[in-house]
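# Overview (structure and organization)
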Amino acid sequence: MVYSFLRILIRVLLYIINGRPHYLNRKKLPEGSYILVGPHRTWFDPIYYALAASPKKFSFMAKEELFKNPIIRWILIHCYAFSVNRKNPGPSAIKIPVNILREGKLSMIIFPSGSRHTQHLKGGAVVIAKMANVPIIPTVYQGPLTFKSLFSRKRTTVAFGDPIQIDRKQRMDEAGRNALDEQLQGSFDKLDKEIDPNFKYVDVSKK
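Residues numbered from 1 in each chain as written. Predicted model: local features only at pLDDT ≥ 70, side-chain atom pairs only at ≥ 80, totals over all residues. Heavy atoms only, no water.

Another point: the overall build of the protein. The secondary structure content of the protein amounts to seven helices and seven strands. The N-to-C order of helical and strand elements in the protein reads α-β-β-α-β-α-β-α-β-α-β-α-β-α. Computed over C-alpha atoms, the radius of gyration of the protein comes to 17 Å, within 12% of the 17 Å expected from 2.2 N^0.38 for 207 residues, which places it in the range of a compact globule. Taking the principal axes of its C-alpha atoms as reference, the protein extends roughly 45 × 45 × 35 Å. Of all 207 residues assigned to the protein, the portion counted as buried reaches 43%. Long-range pairs, those at least 24 residues apart, make up 73% of the contacts in the protein between residues at least 6 apart in sequence. Looking at charge distribution, the protein has the averaged site of its 33 positive side-chain charges lying 7 Å from that of its 16 negative ones. (Helix = DSSP H or I, 4+ residues; strand = E, 2+ residues; numbered from the N terminus. Rg over C-alpha atoms; globule rule 2.2 N^0.38 Å. Buried < 20%, exposed > 50% of the residue type's maximum accessible area, 1.4 Å probe, protein only. Contact = heavy atoms within 4.5 Å. Lys, Arg positive; Asp, Glu negative; His and termini not counted. Charge placed at Lys NZ, Arg CZ, Asp CG, Glu CD.)

Turning next to the packing of helix α4 (residues 92-103) against helix α5 (residues 124-132). The N-to-C vectors of α4 and α5 enclose an angle of 45 degrees; their axes lie 9 Å apart at closest approach. On the basis of the axis angle, α4 is oblique to α5. For the pair α4 and α5, the crossing hand works out as right-handed. Only Gly124, Val127, Ile128, Met131 and Ala132 of α5 make contact with α4, whose side of the interface consists of Ala93, Ile94, Pro97, Val98, Leu101 and Arg102. Grouping the constituent residues of the contact of α4 with α5 by class yields nine nonpolar, one polar and one charged. (Axes fitted to C-alpha atoms, helices over the stretch in contact; angles between N-to-C directions. Parallel < 35°, antiparallel > 145°, perpendicular 65-115°, else oblique. Left-handed = near helix turned anticlockwise from the far one by under 90°. Nonpolar A, V, L, I, M, F, W, Y, C, P; charged D, E, K, R; others polar.)

What characterises a pair of aromatic rings is the spacing of the ring centres plus the angle enclosed by the ring planes. All told, the structure shown has eight aromatic pairs when counted by the stated rule. With centroids separated by 5.1 Å and ring planes inclined at 85 degrees, the aromatic side chains of Trp43 and Phe44 adopt a geometry described as edge-to-face. Overall, the relative accessible area of 45% leaves Trp43 in the partly exposed class. With 6.2 Å between their ring centres and 85 degrees between their planes, Phe44 and Tyr141 make a pair best called edge-to-face. Here Tyr141 lies in strand β6 (residues 136-142) and Phe44 lies in the loop between β2 (35-37) and α2 (45-52), a separation of 97 residues in the sequence. The structure contains a cluster of three or more aromatic residues connected by ring pairs, namely Trp43, Phe44, Tyr48 and Tyr141. (Phe/Tyr/Trp six-rings, centres within 6.5 Å; stacked < 30°, edge-to-face > 60°.)

Between helix α1 (residues 2-18) and α2, whose axes approach to 11 Å, the crossing angle comes to 110 degrees. By the angle class used here, α1 and α2 are roughly perpendicular. Across the interface between the two elements, Tyr3, Arg7, Ile10, Arg11, Leu14 and Asn18 of α1 pack against Ile47, Tyr48, Ala50 and Leu51 of α2.

Among the secondary structure elements, Ser187 is positioned in helix α7 (residues 174-195). Ser187 sits in the buried class, given a relative accessible area of 18%. Leave out the neighbours within four places in its chain, and Ser187 touches Pro138 and Ile164.

Remember that the coordinates give geometry; whether it matters functionally is a separate question.
Here you go:
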């Protein structure tokens, strides 16, 4: 109930602030559970990911520090978030999302770089997808990168790529993970060019 209400509220607010977003290739989204995987470019790109794939509902990881505030904790829990210790993730960082996906009620949003300040991919998303036996959907966001720039009404686009199904026999050694990381990065690059052939991401926090 909270998730659905907030989704409607946020959709309306973003429409008023930034106008109508554009979503490409929604037909590529499967009916069952899946993982949206994309480069983390701004703190609000997961919001646009979730709106673009609506009516599907999503679970997501949130750093455990956010759960210390009782109000934020209540909101996060009711929006299907679960806490992760980023410095020492532990087995639960894999086990919890795998169990959520296996239930089949929710999908998940994961940023393989872990942070919007690095573009280095990590292998957690592909491990989770393999164990849960769900596809990965490469996803990219292009648009404003700061809250202030949202008011410029710059065009915002979310694009979905072809589903990537991880073979259950796929080895998760360094070579296997690197091959899948390259496949993901190739999908991101392709989607970025589909939206804008001249696109180049710049981390505004480093300016």
